[in-house]
Amino acid sequence: MKLSQLARDTAPILPLLRCPLCGAGFSLREERSLVCMESHCFDLSARGYVNLAPGHNQQAEKYDAALFTSRRLVLEHGFYDEVLGAIIGMITGFLPPGRGFTLLDVGCGEGFYSRELARRFPAGQILGLDLSRDAISAAARQARAAKLKTHWLVGNLTRLPLADNCVDVLLNILTPADYAQFARVLSPGGFLVKVLPGTRYLEQVRTEVADHLRRGTYSNQPVLEHLEAHGRIVEQHSVLRTFPVNPEEAAAFLAMTPMTFGLGEEARGGVTFSEITIDLEILKVKLEAL
Ligand SMILES: [Zn+2]
């Protein structure tokens, strides 16, 4: 896309963005960069995003084209629709219809939830952030193809490039959290939606690759305790459902989960299953200011 277009699209969220190095506000320079008062400079990318973590070693990211294809397949085949529905319900309960709000999807990956929420809440200001440049590129490309009004940032969750108290809804779906940063950027009335796996999440994959895993079973207890040390769960929705899957879908589930990231094609080949269990907790959380 043209940088001048991206600069125009970025202008409305400029007041929300902060330099990740010094915390100062930005101005646009020559329709191609964001520059802070300390002259730290971050380029807009013709692929449709702003890179606010240019020093990050992208080789360390585990994303590749096959992973996106797999994630997209399972998300678009509806396995996570109930999760999306629960999130929509939490946002709808928070806002009168049509009212604007700012949503930040931290660790958005290839941007499924951000796109679906942009479709559902056209008056919302939707920002997706991920440290993987490839993930954000894919997210921006798909949003553009669907003509959705969304904003995409390459950035680090431990140094969110956003102003204090500017986010109404913060999504953190199956990715790590930094609650001090989350509390800083959330508005006083705002809330966090945290999605975390239950014990049976993708248990068919876990069973198949058990020999390769450090731990055979999973418990979300430590994650939950960490969360409850920083906030109060005000609403909870559990999704527990087992779906039949065809071989193509089984392969996609195998390829998209971190459980199999260490395994080569060989170890994954030959593995198959005929059903998959989705076991997720969707939590609406009020964070305590730190
Ligand atoms: Zn700066």
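Here's a quick rundown of the structure. (Residues numbered from 1 in each chain as written. Predicted model: local features only at pLDDT ≥ 70, side-chain atom pairs only at ≥ 80, totals over all residues. Heavy atoms only, no water.)

1. Notes on the packing of helix α3 (residues 81–94) against helix α4 (residues 112–120)
Relative to each other, α3 and α4 sit at 50 degrees, their axes nearing to 11 Å. In terms of their interaxial angle, α3 and α4 are classed as oblique. Between α3 and α4 lies a crossing whose hand is right-handed. The residues of α4 that touch α3, namely those facing Val-83, Leu-84, Ile-87, Ile-88 and Ile-91, are Phe-112, Tyr-113, Glu-116, Leu-117 and Arg-120. Considered class by class, the residues forming the contact of α3 with α4 number eight nonpolar, no polar and two charged. (Axes fitted to C-alpha atoms, helices over the stretch in contact; angles between N-to-C directions. Helix = DSSP H or I, 4+ residues; strand = E, 2+ residues; numbered from the N terminus. Parallel < 35°, antiparallel > 145°, perpendicular 65-115°, else oblique. Left-handed = near helix turned anticlockwise from the far one by under 90°. Contact = heavy atoms within 4.5 Å. Nonpolar A, V, L, I, M, F, W, Y, C, P; charged D, E, K, R; others polar.)

2. Regarding the environment of Glu-281
Tracing the backbone through its elements, the reader meets Glu-281 in strand β11 (residues 275–287). Residues Glu-281 and Lys-194 lie 87 residues apart in sequence; the distance between their C-alpha atoms is 8.0 Å. Discounting residues that sit within four places of it in the chain, Glu-281 has contacts with Lys-194, Val-195, Leu-196, Asn-220, Gln-236, His-237 and Ser-238. Here the side chain of Glu-281 touches Gln-236 through a polar contact of 2.8 Å, side chain to side chain. For Glu-281, the side chain forms a polar contact with the side chain of Ser-238, separated by 2.8 Å. (Polar contact = N/O pair within 3.5 Å; in protein donor to acceptor, adjacent residues only side chain to side chain.)

3. Description of the coordination of the zinc ion
At 2.1 to 2.3 Å from the zinc ion lie its protein donor atoms, namely Cys-19 (SG), Cys-22 (SG), Cys-36 (SG) and His-40 (ND1). With four donor atoms in place around the zinc ion and angles of 103 to 118 degrees between them, the coordination shape is tetrahedral. Summarised as a motif, the one-chain spacing of the donors to the zinc ion is C-x2-C-x13-C-x3-H. Taking the relative accessible area as the measure of exposure, His-40 reaches 25% and is therefore partly exposed. (Donors = N, O, S within 2.8 Å, 3.2 Å for Na, K, Ca; no water. Tetrahedral: all angles 85-135°; square planar, octahedral: opposite > 155°, others 65-115°. Buried < 20%, exposed > 50% of the residue type's maximum accessible area, 1.4 Å probe, protein only.)

It is worth stressing that arrangement in space is one thing and function is another; only the former is reported here.
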